[in-house]
Amino acid sequence: MNIGEIARRAGVSRSTVSYVLSGKRSVSEATRQRIQSVIDELDYRPNASARALKEGRTRTLGLVIPPASQRLTDMQLGFVASVVEAAARHDLDVLLSPSGGDHDRSFERIVTGRRVDGVVLMEIRLADDRVTRLTKAGLPFVTIGRTAEPHGMSWIDIDYAGLIARCVQHLADLGHRHVALVNRSAELVAAGYGPSHRALTGFRAAAAERGLTGVEVCSGDDTASGEACMEQLLATHPEVTAVATINEAALPGIQRALTGAGLSVPRDFSVTGVAAQHWAEDFRPPLTAADVPMVEMGAEAVSLLLEIIAAPGAVPRHRLYSPPISLRSSTGPVRGR
């Protein structure tokens, strides 16, 4: 059943039926009732497009992800999946759009095309032009991550500074005096990637507080990079007995390098950090880590965005997640090598 059949039976034009369904124009009460009677008789249900037209919305959310040319990390994919699943529970579609580099035009189409009701923005930098652009355009948005000055915007984030500091304190309590931070790539750090800089802040503060010698290294988001990074660290800083990391994609490479060096975890070397739970549990032995609640965070991002869409003038809200450090088997007391 379609609008044309309703129009024929009600003896009106298709446009008149559309006006009744969308509420865009006034229609006489007699005509409206006649059309409504046909709709009720036929048990007509407007499709998603018609509902969206009536509501003045697209019923679609935009999810802005890192450039498609880059392989998404497992954590990034987890956030994508959690946002899509949360949107589906609200009967909403999600339009994925890459941003950065050659993909700026795709992001601009999201902003100017009014193809979505709002945007969830991932991978935030301390100074992020995308946040500025969305604010200027007046398009509702929520960020997973936050800028250096996130006032006036809604966001959710992980307390990387606090969590890495707690990891370092845990290592210090075990007697480790020389520790390293395995960060994300040097390119991300140089670009002002928020989690990398906040992890550095927490690492430096905790090392200074506990009187530790701290070494800072970067790794690409893959096994080979993690292995190369760890091999270089062991070669140049043999005194280091433990690492903390926010780069879960480098963990398999870190493990491979330690095994290749004949170091047993945690007898000879301790590893801890911030990671998705399954990455932590797949590490051998299982990783002592703050488990990132990706499903909960994605759902909350969608919930916050829907609040903004429904009430554009509402006071911005945010939440900083600080999950507990799950003590598993990858950290232990320091011993001489």
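For clarity, every value in this text was computed on a predicted model and none was experimentally measured.

Student: Looking at this structure, how should I read the environment of arginine 133?
Tutor: You can see arginine 133 is positioned in helix α7 (residues 129-137). In sequence terms arginine 133 and valine 116 are 17 residues apart; their C-alpha atoms lie 15 Å from each other. Setting aside its immediate chain neighbours within four residues, arginine 133 contacts Phe107, Glu108, Val111 and Thr112.

Student: Got a minute to help me understand the sheet that holds strand β12 (residues 325-326) in this structure?
Tutor: One key point about sheets: their strands pair by backbone hydrogen bonds, in either a parallel or an antiparallel sense. Spatially, β7-β6-β8-β9-β10-β12 is the arrangement adopted by the six strands of the open sheet, whose pairing is mixed. Unpaired on one side and paired on the other, β7 (213-218) and β12 mark the two borders of the sheet. In this sheet, β12 lies alongside strand β10 (residues 288-291) in antiparallel orientation, the contact comprising two bridges. Looking at β12, one finds that alanine 290 is bridged to isoleucine 325. Its contacts with the sheet place helix α8 (residues 160-173) against β6 (178-183), β8 (242-245), β9 (270-275), β10 and β12, and it is angled at close to 165 degrees to β9.

Student: Any chance you could explain the nonpolar core here in plain terms?
Tutor: Burial of nonpolar side chains together is a common tendency in soluble globular proteins. Counting residues in hydrophobic clusters, the biggest one holds 75 residues, and the most contacted among them are Phe79, Ile164, Met230, Leu258 and Phe269. If you look at the next biggest cluster of nonpolar residues, it comprises 14 residues, including Ile110, Val119, Leu121 and Trp155.

Student: What is the right way to look at the packing of α8 against helix α10 (residues 194-210) in this model?
Tutor: The angle between the axes and the distance between the axes are what describe a pair of packed helices. The interhelical angle for the contact between α8 and α10, taken along N-to-C directions, is 35 degrees, at an axis separation of 7 Å. In this structure, α8 crosses over α10, and the sense of that crossing is right-handed. The segment α8 lies against α10, with Tyr160, Ala161, Ile164, Ala165, Val168, Gln169, Ala172 and Asp173 engaging Pro195, Arg198, Ala199, Gly202, Phe203, Ala206, Ala207, Glu209 and Arg210. Here the contact of α8 with α10 is built from residues that sort into 11 nonpolar, two polar and four charged.

About the criteria used
Residues numbered from 1 in each chain as written. Predicted model: local features only at pLDDT ≥ 70, side-chain atom pairs only at ≥ 80, totals over all residues. Heavy atoms only, no water. Helix = DSSP H or I, 4+ residues; strand = E, 2+ residues; numbered from the N terminus. Contact = heavy atoms within 4.5 Å. Pairing = 2+ DSSP bridges. Axes fitted to C-alpha atoms, helices over the stretch in contact; angles between N-to-C directions. Core = buried A, V, L, I, M, F, W, Y, C linked by side-chain atoms within 4.5 Å. Buried < 20%, exposed > 50% of the residue type's maximum accessible area, 1.4 Å probe, protein only. Left-handed = near helix turned anticlockwise from the far one by under 90°. Nonpolar A, V, L, I, M, F, W, Y, C, P; charged D, E, K, R; others polar.

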